[in-house]
Amino acid sequence: MALLKVKFNQKKRVKLAQGLWLMNWFSVFAGILVFSMGLFLKIELRKRSEVMDNSESHFVPNSLILMGILSCAFNGFAGKICYDSLDPAKFAKWKPLLKPYLALCFFFNILIFFVALICFLMRGSLDSTLAQGLKNGMKFYRDTDTPGRCFMKKTIDMLQIEFKCCGNNGFKDWFEIQWISNRYLDFSSKEVKDRIKSNVDGRYLVDGVPFSCCNPSSPRPCIQYQVTNNSAHYSYDYQTEELNLWRRGCREALLHYYSSMMSSMGAVVLLVWLFEMSVMVGLRLLHTSLESITNPEDPECESEGWILENSLKDTLKSMLESLKKIGKFNQVEAGAEGAEGEEGGKTPAITTVS
């Protein structure tokens, strides 16, 4: 028994073809939307590529761009088929291509669904990428005179100001690295010498943060140096007082920003996938309803359309049997080749009679 069998007359077939033509052009615009989202996400990721450890995060935007291009191509082609299906003479040239095209549409829809899932599941990979990238970026903050790294200070400062964040996981991350360049240190000063000597690696570490960590909304002037030294500031206790520094780490801020963006894009891609599935089902019904016309000379005659010629269970069973036959055929071929190789490898024994 066929799956989702529907009876069609000439009027219903025309309406289906016209509706599918319109839906395909909507799908082309949806493809342009997906392409635009991928392009926007790629630009946003490239803006902060200096604080990302690898290029794996670009898999999502690249996939969205590819799916957008393929969607425009597939649906544009399907729109032409639906338009020509109104004329039997024009439709005849598309008949041999419809089955392969529908198979490609099926795999294309699987890819769209996979890309939508990836949009929701990239959070873990993005988290590790940002954590390592920000850690490296903070190390190079002081290298304003080093070619290739001189821009890092500006990048980190602009990042902390824009996203209202400080450090990798929090402001205390700045206490563990030397973020002040040696060129701005007075090595004749006893305090500087003592700080460098007290550190195993010979780094100048301070309990301070860059200016970009300061929260301008705070009523108190920014305390960015000697943050943990209560006696250095009047009426101050860093453990109980609300510090006028951004509390949130930049990893968390960027992760939330990109994850929210990717989740929204994933939801849009899922909607596009549902729309593409409905177009594919409609195209299959149009294809089978036109093929099952008993009298091609009478366009007014009724016909039947279906999704699968047999039930889902029978279709899966026949597919498994076909795969088994292919497997057996390959085994027989491999055995025949092996036998030929053995026969070819044998050399006849030659007896010399003297």
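Computed from a predicted model, the values in this text were never measured in an experiment.

**A look at the overall build of the chain**
Part 1: For the chain, the count of helices and strands is nine helices and two strands.
Part 2: If you list the helices and strands of the chain from N to C, you get β-α-α-α-α-α-α-α-α-β-α.
Part 3: The buried share of the chain, taken over its 354 residues, is 39%.
Part 4: If you take every contact in the chain between residues at least 6 apart in sequence, the share linking residues at least 24 apart comes to 72%.
Part 5: Within the structure as shown, the chain displays about 21,100 Å² of accessible surface, and the carbon and sulfur contribution to it stands at 61%.

**Remarks on a nonpolar patch on the surface**
Part 1: Taken together, the side chains of Trp 21, Leu 22, Trp 25, Phe 26, Phe 29, Ile 32 and Tyr 83 make up a nonpolar region of the molecular surface, amounting to roughly 760 Å² of accessible area.
Part 2: Examining the composition of the nonpolar patch, we find that six residues originate from one element, helix α1 (residues 10-47), more than from any other.
Part 3: By relative accessible area, Phe 29 is classed as exposed at 56%.

**Here we look at the UniProt feature "transmembrane region" (unreviewed entry) in the chain**
Part 1: Sites flagged by UniProt as "transmembrane region" (unreviewed entry) map to residues 20-41, 101-122 and 255-275.
Part 2: What you have in residues 20-41 is 100% helix and 0% strand, and the ends, taken at the C-alpha atoms, are 31 Å apart.
Part 3: As a span, residues 255-275 carries 100% helix and 0% strand, and end to end its C-alpha atoms are 30 Å apart.

**Looking at the pattern of salt bridges**
Part 1: Per the stated rule, a full pass over the model turns up ten salt bridges.
Part 2: Its salt-bridge partner being Arg 251, residue Asp 127 comes within 2.6 Å of it at the nearest N-O pair. Of this pair, Asp 127 sits in helix α5 (residues 123-139) while Arg 251 sits in helix α8 (residues 250-291), placing them 124 residues apart in sequence.
Part 3: For Asp 127, a relative accessible area of 25% gives the class partly exposed.
Part 4: Linked by salt bridges that have partners in common, Glu 44, Lys 47, Arg 48 and Glu 162 make up one network.

**A closer look at unusual backbone geometry**
Part 1: A positive phi angle is found at Lys 164, which is not glycine, with a value near 50 degrees.
Part 2: Residue position: Lys 164 is located in the loop between α6 (152-163) and α7 (190-197).
Part 3: Phi at Gln 226 is positive, roughly 50 degrees, even though this residue is not glycine.
Part 4: Tracing the sequence through the fold places Gln 226 in the loop between α7 and α8.
Part 5: The exposure class assigned to Gln 226 is partly exposed, which follows from its relative accessible area of 35%.

**Looking at the packing of helix α2 (residues 59-84) against helix α4 (residues 95-121)**
Part 1: Close contact between α2 and α4 brings their axes to 10 Å; oriented N to C, the two are set at 150 degrees. Overall, the two elements α2 and α4 adopt an arrangement that is roughly antiparallel. In this structure, the crossing between α2 and α4 has a hand that is left-handed. Across from Phe 59, Val 60, Ser 63, Leu 64, Met 67, Leu 70, Ser 71, Phe 74, Asn 75, Phe 77, Ala 78 and Ile 81 in α2, the residues of α4 making contact are Leu 97, Leu 98, Tyr 101, Leu 104, Cys 105, Phe 108, Leu 111, Ile 112, Phe 114, Val 115, Ile 118 and Cys 119.
Part 2: Of the residues belonging to the contact of α2 with α4, the class tally is 21 nonpolar, three polar and no charged.

**Details of the side chain of Asn 75**
Part 1: Looking at the secondary structure, you find Asn 75 in helix α2.
Part 2: The exposure class of Asn 75 is buried, given its relative accessible area of 2%.
Part 3: Here the side chain of Asn 75 touches Glu 276 through a polar contact of 2.7 Å, side chain to side chain.
Part 4: Leave out the neighbours within four places in its chain, and Asn 75 touches Asn 24, Ser 27, Val 28, Tyr 101, Glu 276 and Val 279.

Cut-offs and rules
Residues numbered from 1 in each chain as written. Predicted model: local features only at pLDDT ≥ 70, side-chain atom pairs only at ≥ 80, totals over all residues. Heavy atoms only, no water. Helix = DSSP H or I, 4+ residues; strand = E, 2+ residues; numbered from the N terminus. Buried < 20%, exposed > 50% of the residue type's maximum accessible area, 1.4 Å probe, protein only. Contact = heavy atoms within 4.5 Å. Areas by Shrake-Rupley, 256 points an atom, 1.4 Å probe, with all protein chains shown as cover. Patch = residues over 30% accessible without salt bridge, like charges linked within 9 Å, V, L, I, M, F, W, Y side chains within 5 Å. Salt bridge = Lys/Arg side-chain N within 4 Å of Asp/Glu carboxyl O. UniProt positions renumbered as here; feature names shortened; annotations may be inferred. Axes fitted to C-alpha atoms, helices over the stretch in contact; angles between N-to-C directions. Parallel < 35°, antiparallel > 145°, perpendicular 65-115°, else oblique. Left-handed = near helix turned anticlockwise from the far one by under 90°. Nonpolar A, V, L, I, M, F, W, Y, C, P; charged D, E, K, R; others polar. Polar contact = N/O pair within 3.5 Å; in protein donor to acceptor, adjacent residues only side chain to side chain.

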